[in-house]
Amino acid sequence: MYEYYANWYQAIFIRRSRRQYNGQPLPENIIYHLPIFCENLNNIIKGSRVVFVNTDTENVFRGIIGSYGKIKGSPAYAAFIGDMADPNVQEKTGYLGESFILEATYQSLSTCWVGGFFNYQVVKEHIKLHNKEQVLAVTPIGYTSNNYSVMERVTSGMVSGHKRKSLDKLCLNYTPQKWPKWVNNSLSTARLAPSAMNRQPWRFAVEDDSITVSVDKFFPSIIVSPRLDCGIAMLHLEIGAYQKGITGKWEYLKHPEVARFWRNQI
Ligand SMILES: Cc1cc2nc3c(=O)[nH]c(=O)nc-3n(C[C@H](O)[C@H](O)[C@H](O)COP(=O)(O)O)c2cc1C
(Lines give C-alpha, C1' and ligand atoms only; values in the text may rest on other atoms or scores of the structure.)
Protein backbone atom coordinates (compact mmCIF):
# COMPACT_ATOMS: atom_id res chain seq x y z
CA MET A 1 0.00 0.00 0.00
CA TYR A 2 3.06 2.26 0.14
CA GLU A 3 2.13 3.78 -3.22
CA TYR A 4 -0.78 5.53 -1.50
CA TYR A 5 1.06 6.79 1.57
CA ALA A 6 2.31 10.15 0.22
CA ASN A 7 -1.29 11.08 -0.74
CA TRP A 8 -2.71 9.79 2.52
CA TYR A 9 -0.15 11.77 4.51
CA GLN A 10 -1.59 14.94 2.95
CA ALA A 11 -5.13 13.68 3.56
CA ILE A 12 -4.47 13.22 7.30
CA PHE A 13 -4.04 16.97 7.79
CA ILE A 14 -7.23 17.97 5.97
CA ARG A 15 -9.60 15.16 7.02
CA ARG A 16 -12.41 16.13 9.35
CA SER A 17 -15.59 14.24 10.27
CA ARG A 18 -18.45 15.74 8.25
CA ARG A 19 -22.13 15.12 8.98
CA GLN A 20 -24.14 17.48 6.73
CA TYR A 21 -23.85 16.52 3.05
CA ASN A 22 -25.26 18.48 0.11
CA GLY A 23 -26.82 15.51 -1.72
CA GLN A 24 -24.63 15.90 -4.83
CA PRO A 25 -24.27 12.46 -6.48
CA LEU A 26 -20.82 10.93 -6.85
CA PRO A 27 -19.20 11.35 -10.29
CA GLU A 28 -18.59 8.38 -12.60
CA ASN A 29 -14.83 8.27 -11.98
CA ILE A 30 -15.37 7.88 -8.21
CA ILE A 31 -18.07 5.23 -8.68
CA TYR A 32 -15.56 3.36 -10.83
CA HIS A 33 -12.51 3.91 -8.59
CA LEU A 34 -13.84 3.13 -5.09
CA PRO A 35 -15.02 -0.50 -5.66
CA ILE A 36 -11.70 -1.38 -7.31
CA PHE A 37 -9.84 0.28 -4.47
CA CYS A 38 -11.90 -1.71 -1.92
CA GLU A 39 -11.19 -4.97 -3.74
CA ASN A 40 -7.44 -4.29 -3.62
CA LEU A 41 -7.62 -3.36 0.05
CA ASN A 42 -9.62 -6.48 0.93
CA ASN A 43 -6.98 -8.65 -0.71
CA ILE A 44 -4.23 -7.13 1.43
CA ILE A 45 -5.87 -7.18 4.87
CA LYS A 46 -7.48 -10.45 5.95
CA GLY A 47 -10.02 -10.64 8.80
CA SER A 48 -11.75 -7.45 7.78
CA ARG A 49 -13.25 -5.95 4.62
CA VAL A 50 -14.74 -2.74 3.31
CA VAL A 51 -17.77 -2.56 1.01
CA PHE A 52 -18.73 0.54 -0.97
CA VAL A 53 -22.53 0.95 -1.31
CA ASN A 54 -23.67 3.49 -3.89
CA THR A 55 -27.14 4.12 -2.58
CA ASP A 56 -28.99 6.91 -0.81
CA THR A 57 -28.21 6.70 2.90
CA GLU A 58 -31.32 8.24 4.38
CA ASN A 59 -32.48 4.91 5.80
CA VAL A 60 -29.02 4.01 7.05
CA PHE A 61 -28.97 7.05 9.32
CA ARG A 62 -32.73 7.60 9.71
CA GLY A 63 -33.95 8.16 13.22
CA ILE A 64 -30.44 8.09 14.60
CA ILE A 65 -29.72 11.23 16.48
CA GLY A 66 -27.58 10.27 19.46
CA SER A 67 -25.34 12.86 21.02
CA TYR A 68 -23.65 13.60 17.71
CA GLY A 69 -26.52 15.00 15.65
CA LYS A 70 -27.85 13.40 12.53
CA ILE A 71 -25.93 12.50 9.39
CA LYS A 72 -27.79 13.89 6.38
CA GLY A 73 -27.64 14.03 2.60
CA SER A 74 -24.85 11.60 1.65
CA PRO A 75 -25.42 9.80 -1.68
CA ALA A 76 -23.36 6.71 -0.74
CA TYR A 77 -21.66 4.98 2.16
CA ALA A 78 -19.07 2.34 2.97
CA ALA A 79 -19.32 -0.41 5.57
CA PHE A 80 -16.34 -1.68 7.58
CA ILE A 81 -16.89 -5.35 8.31
CA GLY A 82 -14.98 -7.54 10.74
CA ASP A 83 -14.67 -11.33 10.89
CA MET A 84 -15.30 -11.83 14.62
CA ALA A 85 -13.40 -15.15 14.50
CA ASP A 86 -10.17 -13.19 13.97
CA PRO A 87 -8.53 -12.32 17.32
CA ASN A 88 -7.31 -8.98 15.92
CA VAL A 89 -10.54 -8.04 14.20
CA GLN A 90 -10.94 -4.62 15.86
CA GLU A 91 -7.50 -3.21 15.09
CA LYS A 92 -7.59 -4.66 11.58
CA THR A 93 -10.95 -3.03 10.89
CA GLY A 94 -9.71 0.32 12.20
CA TYR A 95 -6.61 0.10 10.03
CA LEU A 96 -8.55 -0.95 6.94
CA GLY A 97 -11.39 1.53 7.46
CA GLU A 98 -8.99 4.43 7.85
CA SER A 99 -7.26 3.39 4.60
CA PHE A 100 -10.60 3.84 2.90
CA ILE A 101 -11.32 7.13 4.70
CA LEU A 102 -7.94 8.62 3.73
CA GLU A 103 -8.29 7.53 0.11
CA ALA A 104 -11.77 9.10 -0.03
CA THR A 105 -10.39 12.28 1.56
CA TYR A 106 -7.60 12.37 -1.01
CA GLN A 107 -10.29 12.06 -3.70
CA SER A 108 -11.89 15.26 -2.26
CA LEU A 109 -14.78 13.38 -0.62
CA SER A 110 -16.10 13.98 2.88
CA THR A 111 -16.55 11.14 5.39
CA CYS A 112 -17.32 10.40 9.03
CA TRP A 113 -16.61 7.21 10.95
CA VAL A 114 -19.91 6.09 12.51
CA GLY A 115 -19.51 3.32 15.08
CA GLY A 116 -22.78 2.67 16.83
CA PHE A 117 -25.35 5.06 15.51
CA PHE A 118 -26.49 3.54 12.22
CA ASN A 119 -29.35 1.23 11.23
CA TYR A 120 -27.80 -2.24 11.29
CA GLN A 121 -30.83 -3.94 9.70
CA VAL A 122 -30.80 -1.62 6.68
CA VAL A 123 -27.07 -2.18 6.15
CA LYS A 124 -27.64 -5.95 6.35
CA GLU A 125 -30.19 -5.65 3.53
CA HIS A 126 -27.51 -4.03 1.34
CA ILE A 127 -24.61 -6.34 2.19
CA LYS A 128 -24.51 -10.11 2.49
CA LEU A 129 -22.56 -10.96 5.63
CA HIS A 130 -20.67 -14.24 5.83
CA ASN A 131 -20.49 -16.59 8.82
CA LYS A 132 -19.06 -14.63 11.77
CA GLU A 133 -18.97 -11.22 10.14
CA GLN A 134 -20.27 -8.05 11.77
CA VAL A 135 -20.49 -4.49 10.50
CA LEU A 136 -18.34 -2.62 13.03
CA ALA A 137 -18.72 0.86 11.53
CA VAL A 138 -19.85 2.74 8.43
CA THR A 139 -19.04 6.08 6.83
CA PRO A 140 -21.22 8.37 4.75
CA ILE A 141 -19.49 9.45 1.52
CA GLY A 142 -20.23 12.61 -0.39
CA TYR A 143 -19.70 16.32 -0.72
CA THR A 144 -20.06 19.04 1.88
CA SER A 145 -19.81 22.80 1.88
CA ASN A 146 -16.96 24.61 3.59
CA ASN A 147 -19.35 25.74 6.28
CA TYR A 148 -19.30 23.46 9.30
CA SER A 149 -22.44 23.10 11.39
CA VAL A 150 -22.27 24.07 15.06
CA MET A 151 -22.43 20.39 16.05
CA GLU A 152 -19.52 19.59 13.73
CA ARG A 153 -17.45 22.40 15.24
CA VAL A 154 -18.10 21.19 18.76
CA THR A 155 -17.51 17.46 18.16
CA SER A 156 -14.35 17.94 16.11
CA GLY A 157 -12.87 20.64 18.36
CA MET A 158 -12.55 22.87 15.33
CA VAL A 159 -12.14 26.03 17.31
CA SER A 160 -8.59 25.07 18.23
CA GLY A 161 -7.68 23.04 15.13
CA HIS A 162 -7.54 19.27 15.62
CA LYS A 163 -8.43 18.92 19.30
CA ARG A 164 -6.08 16.22 20.50
CA LYS A 165 -4.16 15.24 23.63
CA SER A 166 -0.53 16.31 23.67
CA LEU A 167 2.14 13.70 23.02
CA ASP A 168 3.52 13.87 26.54
CA LYS A 169 0.12 12.58 27.77
CA LEU A 170 0.00 9.83 25.13
CA CYS A 171 3.53 8.44 25.51
CA LEU A 172 4.46 6.12 28.35
CA ASN A 173 8.10 7.25 28.02
CA TYR A 174 8.15 10.78 26.59
CA THR A 175 11.71 11.72 25.64
CA PRO A 176 11.41 13.43 22.23
CA GLN A 177 14.95 14.87 22.37
CA LYS A 178 16.29 11.29 22.28
CA TRP A 179 14.06 10.05 19.48
CA PRO A 180 15.05 9.85 15.83
CA LYS A 181 13.01 12.00 13.40
CA TRP A 182 10.90 9.07 12.22
CA VAL A 183 9.62 8.38 15.73
CA ASN A 184 8.63 12.01 16.28
CA ASN A 185 6.86 12.14 12.95
CA SER A 186 5.10 8.78 13.45
CA LEU A 187 3.71 9.82 16.80
CA SER A 188 2.68 13.30 15.65
CA THR A 189 0.82 11.71 12.74
CA ALA A 190 -0.77 9.00 14.93
CA ARG A 191 -1.96 11.70 17.33
CA LEU A 192 -4.20 13.19 14.61
CA ALA A 193 -6.15 9.94 14.16
CA PRO A 194 -9.93 10.15 14.63
CA SER A 195 -11.48 8.11 17.45
CA ALA A 196 -14.99 7.45 18.74
CA MET A 197 -16.10 10.45 20.81
CA ASN A 198 -12.59 11.81 20.24
CA ARG A 199 -11.49 9.73 23.24
CA GLN A 200 -7.96 8.98 21.88
CA PRO A 201 -7.56 5.77 23.91
CA TRP A 202 -4.12 4.92 22.47
CA ARG A 203 -0.86 5.03 24.39
CA PHE A 204 2.60 4.73 22.84
CA ALA A 205 5.82 3.25 24.17
CA VAL A 206 9.02 3.92 22.22
CA GLU A 207 11.89 1.42 22.24
CA ASP A 208 15.06 1.38 20.12
CA ASP A 209 13.60 -0.12 16.94
CA SER A 210 9.92 -0.24 17.71
CA ILE A 211 6.83 1.62 18.89
CA THR A 212 4.17 -0.23 20.89
CA VAL A 213 0.52 0.85 20.73
CA SER A 214 -1.67 -0.06 23.68
CA VAL A 215 -5.10 0.83 25.07
CA ASP A 216 -5.20 3.06 28.11
CA LYS A 217 -6.82 1.12 30.98
CA PHE A 218 -9.34 3.89 31.44
CA PHE A 219 -11.24 2.99 28.25
CA PRO A 220 -13.77 0.14 28.38
CA SER A 221 -15.27 -1.32 25.20
CA ILE A 222 -18.64 0.47 25.01
CA ILE A 223 -20.34 0.26 21.58
CA VAL A 224 -17.01 0.81 19.80
CA SER A 225 -13.92 -1.09 20.92
CA PRO A 226 -10.95 1.16 21.76
CA ARG A 227 -8.84 -1.37 19.85
CA LEU A 228 -10.62 -0.24 16.67
CA ASP A 229 -9.50 3.34 17.41
CA CYS A 230 -5.98 1.98 17.94
CA GLY A 231 -6.07 0.34 14.49
CA ILE A 232 -6.76 3.78 13.01
CA ALA A 233 -3.80 5.26 14.90
CA MET A 234 -1.61 2.34 13.70
CA LEU A 235 -2.16 3.31 10.07
CA HIS A 236 -1.39 6.96 10.82
CA LEU A 237 1.77 5.95 12.71
CA GLU A 238 2.97 3.84 9.79
CA ILE A 239 2.29 6.63 7.28
CA GLY A 240 4.22 9.09 9.49
CA ALA A 241 7.20 6.71 9.59
CA TYR A 242 7.08 6.19 5.83
CA GLN A 243 7.15 9.96 5.32
CA LYS A 244 10.59 9.87 7.00
CA GLY A 245 11.77 6.93 4.87
CA ILE A 246 11.04 4.17 7.42
CA THR A 247 9.07 1.00 6.71
CA GLY A 248 8.24 -1.77 9.14
CA LYS A 249 5.99 -4.61 10.23
CA TRP A 250 3.23 -4.97 12.83
CA GLU A 251 3.30 -7.64 15.50
CA TYR A 252 -0.12 -8.11 17.15
CA LEU A 253 -0.14 -8.25 20.96
CA LYS A 254 -2.50 -9.22 23.78
CA HIS A 255 -4.72 -6.71 25.62
CA PRO A 256 -4.07 -4.04 26.88
CA GLU A 257 -1.26 -3.90 24.31
CA VAL A 258 -2.49 -3.86 20.72
CA ALA A 259 0.47 -4.07 18.36
CA ARG A 260 4.16 -3.27 18.01
CA PHE A 261 5.62 -1.57 14.93
CA TRP A 262 9.09 -2.98 14.22
CA ARG A 263 11.11 -0.81 11.90
CA ASN A 264 12.83 -2.67 9.06
CA GLN A 265 16.60 -2.58 9.27
CA ILE A 266 18.25 -0.88 6.30
C1 LIG B 1 -14.60 4.36 15.48
C2 LIG B 1 -15.28 5.71 15.43
C3 LIG B 1 -16.64 5.81 15.65
C4 LIG B 1 -17.29 7.05 15.54
N5 LIG B 1 -18.66 7.10 15.68
C6 LIG B 1 -19.29 8.27 15.42
C7 LIG B 1 -20.72 8.31 15.43
O8 LIG B 1 -21.40 7.32 15.72
N9 LIG B 1 -21.33 9.48 15.09
C10 LIG B 1 -20.60 10.61 14.75
O11 LIG B 1 -21.21 11.63 14.43
N12 LIG B 1 -19.24 10.61 14.79
C13 LIG B 1 -18.57 9.47 15.09
N14 LIG B 1 -17.19 9.43 15.07
C15 LIG B 1 -16.41 10.64 14.73
C16 LIG B 1 -15.67 11.21 15.94
O17 LIG B 1 -16.55 11.91 16.77
C18 LIG B 1 -14.55 12.14 15.43
O19 LIG B 1 -13.64 11.38 14.69
C20 LIG B 1 -13.80 12.83 16.56
O21 LIG B 1 -14.66 13.69 17.27
C22 LIG B 1 -12.61 13.64 16.04
O23 LIG B 1 -13.02 14.61 15.10
P24 LIG B 1 -12.44 14.61 13.61
O25 LIG B 1 -12.77 13.27 12.99
O26 LIG B 1 -13.14 15.74 12.91
O27 LIG B 1 -10.95 14.80 13.69
C28 LIG B 1 -16.53 8.22 15.23
C29 LIG B 1 -15.14 8.11 15.04
C30 LIG B 1 -14.53 6.88 15.14
C31 LIG B 1 -13.07 6.78 14.87
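How each quantity is defined
- Residues numbered from 1 in each chain as written.
- Predicted model: local features only at pLDDT ≥ 70, side-chain atom pairs only at ≥ 80, totals over all residues.
- Domains from an automatic or database assignment.
- Contact = placed C-beta atoms within 7 Å.
- Helix = DSSP H or I, 4+ residues; strand = E, 2+ residues; numbered from the N terminus.
- Buried ≥ 20, exposed ≤ 12 C-beta atoms within 10 Å, placed from the backbone.
- Pairing = 2+ DSSP bridges.
- Axes fitted to C-alpha atoms, helices over the stretch in contact; angles between N-to-C directions.

**Q** Where do I start with the domain arrangement of the protein chain in this structure?
**A** Interface size is commonly expressed as the accessible surface area that is lost when the partners come together. Here the protein chain is partitioned into domain 1 (2-154) and domain 2 (164-263). The straight-line distance from the C-alpha centre of domain 1 to that of domain 2 is 22 Å. Counting residues at the interface gives 19 residues for domain 1 and 22 residues for domain 2. Elements with a contribution of two residues or more to the side of domain 1 that touches domain 2: helix H1 (2-14) and helix H4 (89-106). Per-element tally for the side of domain 1 that touches domain 2: the top contributor is H4, with 8 residues.

**Q** What is the right way to look at helix H8 (residues 181-191) in this model?
**A** Within an α-helix, residues lying three or four positions from one another point in the same direction, as the helix has 3.6 residues per turn. Along H8, the residues classified as buried are Val183, Asn185, Ser186, Leu187, Thr189, Ala190 and Arg191. Buried residues along H8 sit against H1, helix H7 (167-170), strand E5 (202-207), strand E6 (210-215) and helix H9 (226-243).

**Q** Is there a simple way to think about unusual backbone geometry in this case?
**A** Comment: phi is negative for the bulk of residues other than glycine, and the bulk of peptide bonds are trans. The residue after histidine 255, namely proline 256, is reached through a cis peptide bond having omega 5°. Structurally, the position occupied by proline 256 is in the loop between strand E7 (248-252) and strand E8 (257-263). A positive phi angle is found at asparagine 198, which is not glycine, with a value near 55°. By the element assignment, asparagine 198 lies in the loop between H8 and E5. Judged by C-beta crowding, with 15 C-beta atoms within 10 Å, asparagine 198 ranks as partly exposed.

**Q** Looking at this model, I keep getting lost on the sheet that holds E7. Mind explaining?
**A** Note: strands within a sheet are paired through backbone hydrogen bonds, in either parallel or antiparallel orientation. Taking strand neighbours across the sheet as the criterion, the 4 strands line up as E5-E6-E8-E7 in an open arrangement whose pairing is antiparallel. Taken across any chain shown, the strands that pair with only one partner, and hence form the sheet edges, are E5 and E7. Ignoring strand direction, the axes of neighbouring strands in this sheet form an average angle of 20°. Lying over the sheet, H9 contacts E5, E6, E7 and E8, oriented at roughly 160° with respect to E6.

**Q** What exactly am I supposed to notice about the sheet that holds strand E4 (residues 133-142) here?
**A** Judged by pairing direction, the sheet is antiparallel, and its 4 strands sit side by side in the order E1-E2-E4-E3 without closing on themselves. With partners counted over all chains shown, the strands left at the sheet margins are strand E1 (48-53) and strand E3 (110-111), one partner each. Bridge count between strand E2 (residues 76-83) and E4: 8 bridges; the pairing is antiparallel. When the bridges of E4 are listed, isoleucine 81 appears paired with valine 135.

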